[in-house]
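Single-letter residue listing:
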Amino acid sequence: MAILNEEQEMLRDMARGWATNENPITAWRKVRTEKPAEGYSPDVWRTMGEMGWAGIVIPEEFGGSDFGWMSAGLVVEELGKTLTASPMIASTLAASAIVLGGSDEQKQKWLPRLATGEVVGTLAFDEGPRHTGRYSAAVDGGKLSGTKAFVHEAHGATLFVVAAADGLYLVEKGDGVSLSDRKLTDQRSHAEVTFNGAAADKLANGREDLVDQVLDRARILTAAEMLGMAQQVFDVTLDYLKQRVQFNQVLASFQALQHRMADLFGDLAMMRSAVEGGLEALDGGYGIPRAATVAKAEANRVLHTMSREGIQLHGGIGMTDEYDVGFFLKRARVLESSWGSTGYLKNRFAALAGY
Amino acid sequence: MATLAEPQTASADDTFREEVRSFLAENFPPDLKNKGNALASVEGPTQEGPAEKAWREAMGARGWGVPTWPKEYGGGGLTRKQAAILNEEMAKAGAYNPIGGMGVMMFGPTLLEYGSEEQKQEHIPPIARGEIRWCQGYSEPNAGSDLANLQTFAEDKGDHYLVNGQKTWTSGGQWADKCFAIVRTDRSDKHHGISFMLIDMDAPGVEVRPIQMISGMSPFCETFFTDVKVPKENLVGKEGQGWTIGKRLLQHERTNLSGGGSMARMMGSSLADTAKKYVETDDTGAIADKTLRDKIADFEIRWQSFLLTAKRAVEESKAAGGVSEISSVLKKLGTKLGQERAELMIEIQGLQGLGWEGEGFTDSELAGVRAWLFGKATTIYGGSTEIQNNIIAKRVLGMLDHQ
């Protein structure tokens, strides 16, 4: 665990307390059953907005708290532990795109409402099942056309940050924007979003690599959710091994299982360091592309192993819907495929290092 | 030039930085730039030229080889911040720390915690000046992973102990002046019958035989004790406290053996740079063999995470005021990655990376082969990977033995 300041400790404790007590995994089960149109409970999101979580990376002058990325990561990690369905990550990323590339007018218009959670934003980038970093959506006379596959949190979003061939654009839900459900294994909100001559407002005040800057933030914040998930799978698996009795012994006493848990513990330590390293890079403004690549690649590697071992070490009960561990496996693969698969990230790491 | 607006602490740090810079300019010979520290290595005896000796003595006189150890015992008495500044400036100047070895890494910190005032006065200053080489008398032929099974016996003879038995894998035993050893003082209690004592390697009855390894090197020894007299004042802590003290020392050992420091130096020649010399690249400068390129990136990503983990362990132990509980994790991961890297280096170089001696190979190629073979010891010594797994499972995760 990174060394936190007092403000960050309070935020983390608040998020942990809320997730554990007010929003445990039973809350996700309820969302899954009741299927709200947004894909999450609007009441829960409102509460998160009231706690100021939607505005953590938004400057104070636009209504945010400007607590920084490490702070946002702490909250997201806790939400990952209880699989809280919310647009926290998606909306934070949309806001960060505006912070990085928006004009003053665009910032004034959107950031205060994103900070309270009143407006939900999301990124509409990828055009196929795999993240490629290539976009063909095009804008002609302020009208954007193109199809975006698998947009996270599309159902609750009213503001899309869309990657076009020549940069990022803001598009509001409405005329020329249509959604088609894409129900994935994690049963969260995903949709194909088609833009057909939708009014688009370019984010023209950022750096040339604005798209990559936003993607690096997406990788790091997604990795923070994955960290929470991996930590939770590890913790519940360890608890299970300590109480499950076979051959008149608790499973935790078997060396074969102890060594597997020691391996997973080592992997988890590496993943935590990589994710915290990414968050620190964002706050420090230094070495971000490489740190983001390492964070997401390690998150992919470790959560992949952890989610498989979580099932195996639970035995048959891990296969049941009644037991939570399977939810983590199903969400894990969706996040692994988002913003760069492991292969994509290795390629990017090598390219950044010049080989 | 300092201004009034500058905070007091910053200017104190700046003054210290200036002091370090002028010390380095005055005392560090440019010829030694980017050389390693022979004392810190177990792979050969010290071969110290006049320039190296002068550099060691200059650092030793300041106590800067052990910057945070107390001044009263010959340490630098620096704050963590100042020690960091010292490190930064040394790195900029290409200077190495000439004070090292087991005395610095393992024995010194343990003696500072558990030793008597007299013992600290006697033993710490020579370590701080880099004058004494220590070796570790832990493992025995039947006490490797089951270390507490050791049988070397120290019989109480009133004013001294009479020590008989055999130690093995004594790293650098043939070059050491002194040995910190755990020995049995009571046969009836496996763990509480162990004591921690200091033995002169030139005492009558101490015999050392180097063991030749698969790498062709002999950094390890068998050490035999036959009726060796050890004065009572060389007992550290109380009789029977040796297991506790010995385990504490192992925590320091694990952190150091994880390889964060030495591997970081090795990374000076990156796998990718090596690959560009030995394998084809395409017209963009990328490694043409995509499988190999992928393997290198996969390793480097995990290596970055490991370095971040080592950094985190240091920060956490500073904050907690003790040794981090993830020292076993560092040892386990660092040694595994080190071995992976050596294997990958051979894969990159092909047969050119497997030379044993003679013509057709560069010094660095030959050194790489020996390092690859020697590196197989790293997951065995200092508590094997399997033992680290037991420690993590039991002490960190609370997974208990059969009831």
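Use the structure listed above.
Student: I keep staring at the overall build of chain A and nothing clicks. Help me out?
Tutor: Within chain A, the secondary structure is distributed over 11 helices and nine strands. For 355 residues, the compact-globule estimate of 2.2 N^0.38 gives 20 Å, and the C-alpha radius of gyration of chain A, at 20 Å, lies within 12% of that figure. With respect to the three principal axes, the spread of C-alpha positions in chain A is 75 × 50 × 40 Å. Each of the 355 residues in chain A was classed as buried or not, and the buried ones make up 59%. Long-range pairs, those at least 24 residues apart, make up 74% of the contacts in chain A with a sequence separation of at least 6. Here chain A has roughly 13,900 Å² of accessible surface; of this, 48% comes from carbon and sulfur atoms. Looking at chain A, you have 36 positive and 46 negative side-chain charges, and the mean spots of the two groups are 7 Å apart.

Student: Honestly, the environment of Q232(A) in this entry has me stumped. Any pointers?
Tutor: Residue and element names in this part refer to chain A. Tracing the sequence through the fold places Q232 in helix α7 (residues 210-243). Separated by 39 residues in sequence, Q232 and M271 place their C-alpha atoms 13 Å apart. If we ignore the near neighbours within four places in the chain, the residues touching Q232 are K81 and F328.

Student: Honestly, the interface of chain B and chain A in this entry has me stumped. Any pointers?
Tutor: Put simply, an interface is often sized by how much accessible area is lost when its parts join up. At the interface, 42 residues of chain B touch 40 residues of chain A. Taken together, chain B and chain A are joined by four salt bridges. D298(B) is the partner of K346(A) in a salt bridge, and the nearest nitrogen-oxygen pair spans 3.2 Å. Scanning the region where chain B abuts chain A turns up 18 residue pairs in polar contact (both at pLDDT 80 or more). The element best represented in the side of chain B that touches chain A is helix α9 (residues 290-320) of chain B, accounting for 18 residues. Here the residues of the side of chain B that touches chain A sort into 19 nonpolar, nine polar and 14 charged.

Student: Can you help me understand the packing of helix α9 (residues 288-314) of chain A against helix α10 (residues 325-336) of chain A in this one?
Tutor: Helix-helix packing: each pair is described by the crossing angle between the helix axes and the interaxial distance. Residues and elements named next belong to chain A. Taken N-terminus to C-terminus, the directions of α9 and α10 make an angle of 155°; their axes are 9 Å apart at the nearest point. If you check the angle between α9 and α10, you find them roughly antiparallel. In terms of crossing hand, the pair formed by α9 and α10 is left-handed. When α9 is examined against α10, the residues K296, N300, L303, H304, S307, R308, G310, I311 and H314 are found in contact with a partner set consisting of V325, G326, L329, A332, R333, L335 and E336.

Student: Whenever I open this one, the pattern of salt bridges confuses me. Can you help?
Tutor: For side chains of opposite charge, pairing can occur when their charged atoms come near one another. The full count for this structure, using the stated rule, is 53 salt bridges over all chains. With a shortest N-O distance of 2.8 Å, R188(A) and E153(A) are connected by a salt bridge. Of the two residues, R188(A) sits in the loop between β6 (177-181) and β7 (190-202) while E153(A) sits in the loop between β3 (143-152) and β4 (159-164), which places them 35 residues apart along the sequence. Grouping residues by exposure puts R188(A) and E153(A) together as buried. E131(B) is paired through a salt bridge with R129(B); the nearest N and O atoms lie 2.8 Å apart. A relative accessible area of 46% places E131(B) in the partly exposed class. Through salt bridges with shared partners, one network takes in K346(A), D294(B), D298(B), R302(B), K336(B) and E340(B).

Student: Got a minute to help me understand the packing of α7(A) against α9(A) in this structure?
Tutor: Residues and elements named next belong to chain A. Close contact between α7 and α9 brings their axes to 8 Å; oriented N to C, the two are set at 25°. By the angle between their axes, α7 is roughly parallel relative to α9. Crossing handedness for the pair α7 and α9: left-handed. Here the contact of α7 with α9 is composed, by residue class, of 18 nonpolar, five polar and four charged.

Student: Could you clarify how one ought to interpret unusual backbone geometry in this entry?
Tutor: Trans is the prevailing form of peptide bonds, just as negative phi is the prevailing case for residues other than glycine. Residues and elements named next belong to chain A. Of note, the phi angle at D66 is positive, near 55°, even though the residue is not glycine. Examined against the element boundaries, D66 turns out to sit in the loop between α3 (42-50) and α4 (69-81). Overall, D66 belongs to the partly exposed group, its relative accessible area being 46%. Even without glycine at this site, E153 takes up a positive phi of about 55°. For E153, a relative accessible area of 4% corresponds to the buried category.

Student: Whenever I open this one, α4(A) confuses me. Can you help?
Tutor: An α-helix turns once every 3.6 residues. As a result, residues three or four positions apart point the same way. All names here are of chain A. With 13 residues, α4 extends 18 Å from end C-alpha to end C-alpha; this agrees with the ideal 18 Å at 1.5 Å per step. Counted residue by residue, α4 has 13 buried out of 13 residues, so it is predominantly covered. Positive phi appears at L83, one or two residues downstream of α4, with a value of about 55°.

Student: I would appreciate a short explanation of the nonpolar core in the present structure.
Tutor: Nonpolar side chains in soluble globular proteins generally cluster together in the buried interior. Within the largest apolar cluster, 148 residues are counted, with the highest numbers of intra-cluster contacts made by W53(A), F125(A), F160(A), L168(A), F195(A) and M271(A). Element by element, the count of residues in this core is highest for α7(A), at 18 residues. Every residue in contact with M271(A), bar those within four places of it in the chain, is listed here: A223(A), M226(A), L227(A), A230(A), E298(A), A299(A), V302(A) and L303(A). With 28 residues, the next largest nonpolar core counts L111(B), A128(B), Y138(B) and L147(B) among its residues.

Student: What am I meant to see in the packing of aromatic side chains here?
Tutor: The description of an aromatic ring pair uses the distance of the two centres, along with the angle that the planes make with each other. All names here are of chain B. Under the criterion given, the structure shown has 22 aromatic pairs over all chains. Aromatic pair F23 and W55: ring centres 6.1 Å apart, planes at 40°, arrangement tilted. In this pair, F23 is assigned in helix α1 (residues 8-27) and W55 in helix α2 (residues 50-62), connecting sequence segments 32 residues apart. In this structure W55 comes out as buried when scored by relative accessible area, which is 0%.

Definitions and cut-offs
- Residues numbered from 1 in each chain as written.
- Chains lettered and ligands numbered in written order.
- Predicted model: local features only at pLDDT ≥ 70, side-chain atom pairs only at ≥ 80, totals over all residues.
- Heavy atoms only, no water.
- Helix = DSSP H or I, 4+ residues; strand = E, 2+ residues; numbered from the N terminus.
- Rg over C-alpha atoms; globule rule 2.2 N^0.38 Å.
- Buried < 20%, exposed > 50% of the residue type's maximum accessible area, 1.4 Å probe, protein only.
- Contact = heavy atoms within 4.5 Å.
- Areas by Shrake-Rupley, 256 points an atom, 1.4 Å probe, with all protein chains shown as cover.
- Lys, Arg positive; Asp, Glu negative; His and termini not counted.
- Charge placed at Lys NZ, Arg CZ, Asp CG, Glu CD.
- Salt bridge = Lys/Arg side-chain N within 4 Å of Asp/Glu carboxyl O.
- Polar contact = N/O pair within 3.5 Å; in protein donor to acceptor, adjacent residues only side chain to side chain.
- Nonpolar A, V, L, I, M, F, W, Y, C, P; charged D, E, K, R; others polar.
- Axes fitted to C-alpha atoms, helices over the stretch in contact; angles between N-to-C directions.
- Parallel < 35°, antiparallel > 145°, perpendicular 65-115°, else oblique.
- Left-handed = near helix turned anticlockwise from the far one by under 90°.
- Expected span 1.5 Å × (residues − 1).
- Core = buried A, V, L, I, M, F, W, Y, C linked by side-chain atoms within 4.5 Å.
- Phe/Tyr/Trp six-rings, centres within 6.5 Å; stacked < 30°, edge-to-face > 60°.

Worth remembering: the numbers are spatial, not functional.
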